[in-house]
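A closer look at the structure
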Amino acid sequence: MINRSSRYAVARLSHPHVRAWHLTRAAASAAASGHGGNGVATAIAATAATGVLAVPTPGTTLYVYRDHRSWVRTLDWSPDGTCIASASMDGTVQVWEASTGSERFTYTGHRGQVLTLAWSPNGAYVATGGNDRTMQIWNAADGERLLSRRDHARYILALAWSPVGAKLASGSEDGLVEIWSLKDGDIIFTYDGHSHKVLALAWSPEGRRIASASWDGTLQIWEASTGHQLFAPLQHGTPLGALAWSPDGQYVACGGFGGQVHLWNAATGEALCSYQAHPAWVNALAWSPDGRYLASGGDDGKVHLWELTAREITFTYSGHSDQVNALAWSPDGSCIASAGDDQTVQIWFTP
């Protein structure tokens, strides 16, 4: 079993500030009944005669997915917002409908625990990695495996697609980051700037830079085409396991041991601020699509929303009974999916 201190994270996209909630009667009924799998849904609001829902209270649960048999370590939302892929220490990746929990299929291509995944920007592929040391790419519609490579010497702990989906970055326990070409599945180059395992990766929104966070306590920002460091490694002194690049490209947030979240200027490396988010570990970070909020998940089982302009935590979700390992905002920004050691993925409404 992997050490609980192996941390990594995910993040995403863009949404209008004002939201209207339109559900058909069938969709509302499915959400309330918990159709599909062993999920248990919570009724979200009373349905008016027109089928239009009132704006739900922040933190109200849309759905709880319970079909994994061990800790859920990672997840990602499909770009169209209809499905979620979640991966677990049980060795499976399950693709299911976000509104009902109805399972579409289970991917079992890995021989061991699945520790990271990322959905391609065009929605066609899912990339996964795990303790079998393979990076695999498969068809998001039916689970057909398209590529499997085993080039890292140790566990694969982080994956991130380039914004246009032509390249994929993988980070490993071996301390390396490899940049892959989707066109032919070959490694373009290897980045070796870290001295310990790489736990989190994020491409800049324009696709020219990559940020990587490591157990060596550094956040490094470098050119995606060459590996050239843009400025000296940003030192934290304690292991980092969570990372997220803001949608506007201005900021990089990172966190790890000690429970603090640090915000940096992505262009200059200037430290902007830090705040105490969790008692021990920050396991996951994700920016809201509009860049207004930064969500963090920790060992305390909570998810905090930190508002950028107010520079303070403005909302806390406490639905998990164990540590939170992964976070992903829905593409429209209306919901967050959070996953944890309680073996659940929970979808809940945001402010």
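Treat the numbers as computed from the prediction; the structure is a model and nothing was measured.

Some remarks on the overall build of the chain
Scanning the chain from terminus to terminus reveals one helix and 30 strands. When each of the 351 residues of the chain is scored for burial, the buried share is 59%. Contacts in the chain between residues at least 24 apart in sequence constitute 49% of all its contacts with a sequence separation of at least 6. Here the chain has roughly 13100 Å² of accessible surface; of this, 49% comes from carbon and sulfur atoms.

Notes on the side chain of serine 170
With respect to the helices and strands, serine 170 occurs in strand β13 (residues 167–172). For serine 170, the side chain forms a polar contact with the side chain of histidine 152, separated by 2.8 Å. Beyond its immediate stretch of four places on either side in the chain, serine 170 contacts His152, Ile156, Ala158, Leu159, Leu176, Val177, Glu178, Trp180 and Leu201.

A look at the sheet that holds strand β19 (residues 234–235)
Hydrogen bonds between backbone atoms are what pair the strands of a sheet, whose relative direction is either parallel or antiparallel. Ordered by their spatial adjacency, four strands build an open sheet running β16-β17-β18-β19, and the pairing between neighbours is antiparallel. The outermost strands of the open sheet, each flanked by one partner alone, are β16 (198–203) and β19. Relative to β19, strand β18 (residues 218–223) is paired through two bridges, and the arrangement is antiparallel. Bridging from a neighbouring strand, leucine 219 pairs with leucine 234 of β19.

Notes on the pairing of strand β15 (residues 187–191)
As paired strands, strand β14 (residues 177–181) and β15 are joined by four bridges and run antiparallel to one another. Along β15, the bridge assignment pairs tryptophan 180 with isoleucine 187. Remark: five residues form the turn of the hairpin made by β14 and β15, two consecutive strands paired antiparallel; glycine 185 in that turn has positive phi of roughly 75°.

Some points on the sheet that holds strand β9 (residues 125–130)
Here we have four strands laid out as an open sheet, ordered β8-β9-β10-β11, and antiparallel in their pairing. Strand pairing shows two members of the sheet lacking a second neighbour, β8 (114–119) and β11 (145–149), which therefore form its edges. The sheet shows a mean angle of 15° between the axes of neighbouring strands, direction not considered. The pairing of β9 with strand β10 (residues 135–139) spans five bridges and is antiparallel. For tyrosine 125, the partnering residue across the bridge sits in β10 and is asparagine 139.

Remarks on the environment of histidine 304
With respect to the secondary-structure elements, histidine 304 resides in strand β26 (residues 303–307). On the basis of relative accessible area, histidine 304 is assigned to the buried category, the value being 9%. On a C-alpha basis, the gap between histidine 304 and threonine 314 in space is 7.7 Å, while along the polypeptide they are 10 residues apart. Contacts of histidine 304, omitting those with residues within four sequence positions, involve Ala277, His278, Leu294, Ala295, Ser296, Ile313, Phe315 and Thr316.

Topic: the pattern of salt bridges
For the structure on display, the rule yields seven salt bridges. Linking glutamate 97 and arginine 104 is a salt bridge whose minimum nitrogen-to-oxygen distance equals 3.7 Å. Between glutamate 307 and arginine 292 there is a salt bridge, and its shortest N-O distance comes to 2.9 Å. On the criterion of sequence distance, the pair formed by glutamate 307 in strand β26 and arginine 292 in the loop between β24 (282–287) and β25 (293–298) is long-range, its members being 15 residues apart. Residue class for glutamate 307 comes out buried when judged on its relative accessible area of 12%. Classification of arginine 292 as partly exposed rests on a relative accessible area of 32%.

Brief notes about the packing of aromatic side chains
Counting across every chain of the model gives 11 aromatic pairs. Seen in terms of ring centroids, phenylalanine 105 and tryptophan 138 are 6.0 Å apart; in terms of plane orientation they differ by 75°. Their pairing is edge-to-face. Taken together, the positions of phenylalanine 105 in strand β7 (residues 103–107) and tryptophan 138 in strand β10 put the pair 33 residues apart, joining distant regions of the chain. Centre to centre, the rings of tyrosine 191 and tryptophan 222 are 3.9 Å apart; their planes meet at 10°, and the pair counts as stacked. Taken as a pair, tyrosine 191 in strand β15 and tryptophan 222 in strand β18 lie far apart in primary sequence, 31 residues in all. Tryptophan 222 matches tyrosine 191 in its accessibility class, with the two residues each being buried.

Quick notes on empty space enclosed by the protein
Empty space left among the atoms is revealed by rolling a probe the size of a water molecule over them. All chains considered together, the criterion is met by two cavities of 30 Å³ or more. Considering the residues around the largest cavity, the lining is formed by Met135, Ile137, Leu147, Trp161, Lys167, Leu168, Trp180, Ser181, Leu182 and Gly185. Of all the elements in the fold, those that place two or more residues in the lining of the largest cavity are β10, β13 and β14. Residue composition of the lining of the largest cavity, by class: seven nonpolar, two polar and one charged.

Rules of the game
- Residues numbered from 1 in each chain as written.
- Predicted model: local features only at pLDDT ≥ 70, side-chain atom pairs only at ≥ 80, totals over all residues.
- Heavy atoms only, no water.
- Helix = DSSP H or I, 4+ residues; strand = E, 2+ residues; numbered from the N terminus.
- Buried < 20%, exposed > 50% of the residue type's maximum accessible area, 1.4 Å probe, protein only.
- Contact = heavy atoms within 4.5 Å.
- Areas by Shrake-Rupley, 256 points an atom, 1.4 Å probe, with all protein chains shown as cover.
- Polar contact = N/O pair within 3.5 Å; in protein donor to acceptor, adjacent residues only side chain to side chain.
- Pairing = 2+ DSSP bridges.
- Axes fitted to C-alpha atoms, helices over the stretch in contact; angles between N-to-C directions.
- Salt bridge = Lys/Arg side-chain N within 4 Å of Asp/Glu carboxyl O.
- Phe/Tyr/Trp six-rings, centres within 6.5 Å; stacked < 30°, edge-to-face > 60°.
- 1 Å grid on protein atoms, 1.4 Å probe; cavity = no way out; pocket = protein on both sides within 12 Å on 5 of 7 lines; lining within 4 Å.
- Points joined across faces, edges and corners; volume = space filled by probe spheres on them.
- Nonpolar A, V, L, I, M, F, W, Y, C, P; charged D, E, K, R; others polar.

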